[in-house]
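Listed below, chain by chain, are the residues.
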Amino acid sequence: MYKAAPRLLLGALLLLTGCYNLGSQRLDQDQSDYSLSLIAAGKRQTLLNIVRLRYADTPGFLDTTQLISGYQLQRSLSIGVGTDTPIRPSGGAGIQFQESPTFTFQPVTGDAYAQSFLRPMPIGSLLPLAMGGLPIDVLFRLAVQSINLINNAGAIGSGVGRGSPEFFELIHDLRVLQVAGLLGIQLEHSAEVPGKTPSFDRVFLTVSSTDNPVLAETVYETRRFFQMKPHDERVEAVYGAGQPRPGQIRILTRTMLGALGQIAYQIDVPQDDITSGRTQPRILLIGRETKPIVVVHVGNTLPENTFSSVRYNKRYYYISENDFDSKLAFTMLQILLELSKTTKNPGTIVTIPVNG
């Protein structure tokens, strides 16, 4: 028994002084977990602001600017040897692990709010998204208010905000051409002339010819709408509303608040909320696109299978996990929100330590 004491001491020391690759073991798990949590929180914030706008409530935005996760590993060892015969070693070893995450939030206010949510989306940033694989019809329904003199549905109740049937016909044709590979976007950078003009990006939309008789009809109708000459394959896209100049199309883009507002006023809320005056009837679309771009359901209970959900005024508002079209449009809205964020210096910062 006496010879067992050194062996016990050696084993405990090896246990406590062993190599703990704590950082490498936690990195992959924490990166995935925090990434999923940040994405889920961002979706809930966006959905909540959409619901707030539906009821004329003030939207609010809070960005997570920093996340620090600290770890502490404490080890202890105690060994004693009694004086009895035979000698009996006694003691114990312990390991304590503690995680201390800290989150830093920044409210979006002032100039940052104006730049991110009240500034129209730049055409040079918007149109290339379609060439990255995003459906151009969904993109235009979200971010474009009018093309030439044809209006999209707007963030306003009654028949005024329904939009023009021609707008939905046009974006349907653009999607057909996009899938067929006949629609393209070209960016040209204009050099700055000192003392005269600043540099700027010119955006061109190309509509290619085809021998397919069905697609050729779509190409013809699209070019006719854009007032392109018979042999022209591209037209310049410029910001603004109204009648375009020859060789141009005028695209009036929305602000982020405008995009959020359109989705908000398409929510089919309970009739008693309309009767009581808490909100207005939803926009009833006309033309090819009669379904809201993002279908937000309302209920007193929350289904198990939801893509995102929030609770507002004692009701649940949610997007179904089984509604692919709504999920795609909502994800594209999240991408547009990220692109709209400003890089201005932060204002008020709120740091919250979380004791795990």
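Note that the structure is predicted; figures quoted are calculated from it, not measured. Per chain, the residues get numbers from 1 upward, laid out in the order the sequence is written. Where totals are concerned, whole chains, interfaces and linings use all residues; where local detail is concerned, this predicted model gives features only for residues with pLDDT of at least 70, and gives and counts side-chain atom pairs only at 80 or more. Based on all heavy atoms of the structure, the side-chain values leave hydrogens and waters out of the count.

Caption draft 1: Examining the overall build of the protein chain more closely. Each helix corresponds to a stretch of at least 4 residues labelled H or I by DSSP, and each strand to a stretch of at least 2 residues labelled E; elements are numbered beginning at the N terminus. Summing up its helical and strand segments, the protein chain has 11 helices and 12 strands in all. Residues classed as buried in the protein chain amount to 37% of the 356 residues present. The contact definition used throughout considers only heavy atoms, calling two residues in contact when any of these lie within 4.5 Å. For the protein chain, long-range pairs separated by at least 24 residues make up 65% of all intrachain contacts whose partners lie at least 6 apart in sequence. Each residue gets one of three labels from its accessible area relative to the maximum for its type: buried under 20%, exposed over 50%, partly exposed in between, using a 1.4 Å probe on protein chains only.

Caption draft 2: Up close: the side chain of Glu 236. Relative to the assigned elements, Glu 236 resides in strand β7 (residues 234-239). When neighbours within four sequence positions are excluded, Glu 236 is seen to be in contact with Arg 202, Val 203, Phe 204, Gly 247, Gln 248 and Ile 249.

Caption draft 3: Focus on the pattern of salt bridges. Here a salt bridge means any side-chain nitrogen of Lys or Arg lying within 4 Å of a carboxyl oxygen belonging to Asp or Glu. Scanning the model with the defined rule gives 9 salt bridges in all. Note that Arg 224 and Glu 221 form a salt bridge whose closest N and O atoms lie 2.7 Å from each other. Of this pair, Arg 224 and Glu 221 both sit in helix α8 (residues 213-225), 3 residues apart, which is roughly one turn of that helix. By relative accessible area, Arg 224 is classed as exposed at 52%. Judged by its relative accessible area of 26%, Glu 221 is partly exposed. Between Lys 327 and Glu 321 there is a salt bridge, and its shortest N-O distance comes to 3.0 Å. Salt bridges sharing common partners tie together Asp 272, Asp 273, Arg 278 and Arg 315.

Caption draft 4: Focus on the packing of helix α6 (residues 136-143) against helix α7 (residues 165-180). Closest axis-to-axis distance for the α6/α7 pair is 8 Å, and the angle between their directions is 145°. For the pair α6 and α7, contact is made by Ile 136, Asp 137, Phe 140 and Arg 141 and by Phe 167, Phe 168, Ile 171, Leu 174, Arg 175 and Gln 178, respectively. Residue composition of the contact of α6 with α7, by class: 6 nonpolar, 1 polar and 3 charged. What counts as an axis is a line fitted to C-alpha atoms, over the stretch in contact for a helix, and the angles between N-to-C directions run from 0 to 180 degrees. Gly counts as polar in this scheme, as do all residues outside two lists: the nonpolar Ala, Val, Leu, Ile, Met, Phe, Trp, Tyr, Cys and Pro, and the charged Asp, Glu, Lys and Arg.

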